[in-house]
Amino acid sequence: EVHNSRDSESEESEEEKPAEMNMIWIFSRRFRLAAPKLAARRQVVQELLSDLLQVSQSLFSDSFFPVLEPVIGVGSAYEGWSHHEEDDVVYCMFVPLKPPPGHAFHVEPDTVGAMPHERAMSTRVRVEQVCTCAAKQPDQKMLCFLHHSEEELKRNEVSTLLHTLCTGPYLDGEKIALWFQTFVISAWSVMPQSRHYSMKVLPSCRSCKMKLIQDSGRSLFVEMVFSVQQGDSDIFLSSQPTEAQFPSSTTWLESYAVAEAKFFRHVAMQAPPQSCHLKCLRLCARLLEGSSLSTYALKTAVMHLLTLIPLSEWQHKYLLMRVDDIMSYLRCCLEEKRLKHFFFDNEDMPEEISLPPAFQGAQPLNLFQHLAQDPAAQTEALQEFDKL
């Protein structure tokens, strides 16, 4: 029906076409100017965090703090479509954590205080001490937590992960954030970036947020979110709470940010040159600013449409058609009170994205579940959307 209706739309007056094309040109030019700056700043952030991890490895290699793995860029800045102004963009990086020697991580569901539809997303990471006797090399003096007495461990000033960054047997996101913030402050003076930027660690109880200020006064915001990978998949457990959930410090929420970034890289490799899908995302995000509809719902809708509409139909000349498709799709979802989560039971998932086996055949999460439970909220959302 959408395609049939466009035959009549093509008969629009000649006066409207120049104005429409002028709007497209202005928006596209702004996007082209912003994209290289976004890429350049991503490179700066990547180098900064690589240097930070090198310093951390030299400081903590003989300790029992978590092992920090190479960082992974996530979020709109790394997907290439951030709708914020240049100085307001937050460059978010996942810092995967691995257990140090003598420890193991075990993921457990966290059902305390969770709603039924949230239980699959709320977890805790139990830390367990394991025997290291067999792994010990002849020239090593590493003590085994299980087979040496507490007196020996205290005498050698050995502090386990359970004693430092856990609450009970569970990994504590707030303690990890405070530990890393303290490390960043102490390590900054030896970082090469300290010659070009002044740095301030911003308040955050679950992540490490940094504000870097150049001599010119321009700012760069970086956020490091701690995460634990689920097996070998692209799904991680995140220390950062959502706006809807602010659970206890030992609760880790399932995050799809790494898989989402990987999906957009996949689309970029398959899409035609000058594809407009990122421009559509940025433009629609600007349109929805200040509304109750989240940018995550918008991104999910675009991801679905990128698998439904051939990528050849996302060329620059179809920009307004695709924007219209996105807004129409969102309105249908609002009417039906249902927006299916992209990563659950999705037959169109690219093979490059690795998901846990439980995701196939699982009951899809409904991102508009709150509208299904509250008719008044749905009516208000539809009215607001129609005004947009």
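Check the entry above for the structure.
So, here is what we can say about the structure in this document. (Residues numbered from 1 in each chain as written. Predicted model: local features only at pLDDT ≥ 70, side-chain atom pairs only at ≥ 80, totals over all residues. Heavy atoms only, no water.)

Here's the deal with the packing of aromatic side chains
Right, so step 1: Counting across every chain of the model gives 16 aromatic pairs.
Right, so step 2: Where F60 meets F183, the ring centres are 5.5 Å apart and the plane angle is 65°; that geometry is what we call edge-to-face. Of this pair, F60 sits in helix α2 (residues 16-60) while F183 sits in helix α6 (residues 173-187), and the two are 123 residues apart along the sequence.
Right, so step 3: Judged by its relative accessible area of 3%, F183 is buried.
Right, so step 4: Seen in terms of ring centroids, Y78 and Y91 are 6.4 Å apart; in terms of plane orientation they differ by 90°. Their pairing is edge-to-face. Taken together, the residues Y78 in helix α3 (residues 76-79) and Y91 in strand β3 (residues 90-98) connect sequence positions 13 residues apart.
Right, so step 5: Clustering of aromatic rings is evident, with ring pairs tying together Y256, F263, F264, F342, F343, F344 and F359.
Right, so step 6: Above the face of the Y170 ring, R124 is positioned so that its terminal group lies 3.9 Å from the ring centre. (Phe/Tyr/Trp six-rings, centres within 6.5 Å; stacked < 30°, edge-to-face > 60°. Helix = DSSP H or I, 4+ residues; strand = E, 2+ residues; numbered from the N terminus. Buried < 20%, exposed > 50% of the residue type's maximum accessible area, 1.4 Å probe, protein only. Lys NZ or Arg CZ within 6 Å of the ring centre and 35° of its normal.)

Thoughts on the nonpolar core
Right, so step 1: Ranked by size, the top nonpolar core spans 49 residues in total, and within it L298 and F343 carry the most contacts.
Right, so step 2: Looking at this core, the elements that each hand over two or more residues are α7 (257-270), α8 (277-287), α9 (295-308), α10 (319-336) and α12 (375-387).
Right, so step 3: When we break this core down by domain, the ones giving at least three residues each are domain 1 (33-255) and domain 2 (271-387).
Right, so step 4: Apart from residues lying up to four places away in sequence, F343 is in contact with Y256, A259, E260, M303, M349, I353, L355 and F359.
Right, so step 5: In terms of nonpolar packing, the next biggest core, distinct from the first, is built from 46 residues, W179, A187, M224 and F226 among them. (Core = buried A, V, L, I, M, F, W, Y, C linked by side-chain atoms within 4.5 Å. Domains from an automatic or database assignment. Contact = heavy atoms within 4.5 Å.)

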